[in-house]
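Residues per chain, in single letters:
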Amino acid sequence: AQTVTQSQPEMSVQEAETVTLSCTYDTSESDYYLFWYKQPPSRQMILVIRQEAYKQQNATENRFSVNFQKAAKSFSLKISDSQLGDAAMYFCAFSQSGNTPLVFGKGTRLSVIA
Amino acid sequence: KAGVTQTPRYLIKTRGQQVTLSCSPISGHRSVSWYQQTPGQGLQFLFEYFSETQRNKGNFPGRFSGRQFSNSRSEMNVSTLELGDSALYLCASSLAGRTTYEQYFGPGTRLTVT
């Protein structure tokens, strides 16, 4: 079974600074998808960024980018120019290619300090 | 386009009762997945419905059931509620295409069992 591990339960960052959230996963599959979801205090899960395993290029969405290391099974999220609105729980998630459920990590609570 | 909606948003039930939660997916989305979120276990997959058929099922007891209607709206039911069923129940919808698997989440239903 696939597992997703987020080793940092909590992190903090100064406003306008850069922070990196870590995620590792375990799978024997070669084709899969990886996601970062954000869950603010309002509880609505929001997709931040996605990465297809077959793509070597790291995904980028505005201030959010990933460092995808397939051999190391690592998928970290970098948030640049952190803003107060970035404060939330961040979940790393894995989905095997095809119609399979998301497997989530335990999450990292990010605080942004003004 | 309207997002995923869930009703009710909050619910308080007594142990032994049953409860039904509703989820309306984004228009055009045919897949609806349900997740349970608790502080201890994190996010766990319950089941997924696609075209009125349960396509995937997580490791939950038979007290948890669901269904999907022809308009893709889904309901989940929990019978004989236990204190441990207190959780945030999240619904997510997706197009469920063969090459993408992007899920969009609703705001959740907070269930409290007393």
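Here the structure is shown first, and the text comes after it.
This write-up is about the structure you can find in this document.

About the criteria used
- Residues numbered from 1 in each chain as written.
- Chains lettered and ligands numbered in written order.
- Predicted model: local features only at pLDDT ≥ 70, side-chain atom pairs only at ≥ 80, totals over all residues.
- Heavy atoms only, no water.
- Contact = heavy atoms within 4.5 Å.
- Buried area = accessible area lost by both parts, 1.4 Å probe.
- Salt bridge = Lys/Arg side-chain N within 4 Å of Asp/Glu carboxyl O.
- Polar contact = N/O pair within 3.5 Å; in protein donor to acceptor, adjacent residues only side chain to side chain.
- Helix = DSSP H or I, 4+ residues; strand = E, 2+ residues; numbered from the N terminus.
- Buried < 20%, exposed > 50% of the residue type's maximum accessible area, 1.4 Å probe, protein only.
- Pairing = 2+ DSSP bridges.
- Disulfide = S-S within 2.5 Å.

**Section: the interface of chain B and chain A**
So, step 1. Taken together, the 26 residues of chain B in the interface contact 19 residues of chain A.
So, step 2. Carbon and sulfur atoms supply 48% of the area buried between chain B and chain A, which totals about 1,900 Å² over both sides.
So, step 3. Linking chain B with chain A are one salt bridge, by the criterion used here.
So, step 4. Arg50 of chain A is the salt-bridge partner of Glu102 of chain B, the closest N and O atoms lying 2.9 Å from each other.
So, step 5. Here chain B and chain A share seven residue pairs in polar contact (both at pLDDT 80 or more) between them.
So, step 6. Top element by residues in the side of chain B that touches chain A is strand β5 (residues 42-50) of chain B. It accounts for four residues.

**Things to note about the pairing of strand β12 (residues 108-113) of chain A**
Residue and element names in this part refer to chain A.
So, step 1. Of the two faces of β12, the one holding Thr108, Leu110 and Val112 is buried and the one holding Arg109, Ser111 and Ile113 is not buried anywhere.
So, step 2. Relative to β12, strand β2 (residues 10-14) is paired through five bridges, and the arrangement is parallel. Counterpart to Glu10 in the pairing with β12 is Arg109.
So, step 3. Pairing of strand β10 (residues 88-96) with β12, which is carried by three bridges, proceeds in the antiparallel orientation. Looking across to β12, one finds that Ala88 is bridged to Leu110.

**Here we look at the state of the cysteines**
All names here are of chain A.
So, step 1. With the rule as written, the count across this model stands at two disulfides over all chains.
So, step 2. The disulfide partner of Cys23 is Cys92, and the gap between their sulfur atoms is 2.0 Å. Between Cys23 and Cys92, the S-S dihedral sits near -70°, and the bridge is therefore left-handed. Placement of the pair is Cys23 in the loop between β3 (19-21) and β4 (24-26) and Cys92 in strand β10, with a sequence separation of 69 residues. In this pair, the class of Cys23 matches that of Cys92, namely buried.

**Digging into the pattern of salt bridges**
Opposite charge on two side chains lets them pair, provided their charged atoms get close.
So, step 1. Under the counting rule described, the total for this entry stands at 10 salt bridges over all chains.
So, step 2. Linking Asp26 of chain A and Lys73 of chain A is a salt bridge whose minimum nitrogen-to-oxygen distance equals 3.7 Å. Of this pair, Asp26 of chain A sits in strand β4 while Lys73 of chain A sits in the loop between β8 (64-69) and β9 (74-79), and the two are 47 residues apart along the sequence.
So, step 3. Residue Asp26 of chain A is classed as partly exposed on the basis of its relative accessible area, which comes to 41%.
So, step 4. One salt bridge connects Glu52 of chain A with Arg50 of chain A, and the closest N-O pair in it is separated by 2.8 Å. Taken individually, Glu52 of chain A and Arg50 of chain A each receive the classification buried, so the pair is uniform in this respect.
So, step 5. Here the residues in one salt-bridge network are Arg50, Glu52 and Lys55 of chain A together with Glu102 of chain B, joined through shared partners.

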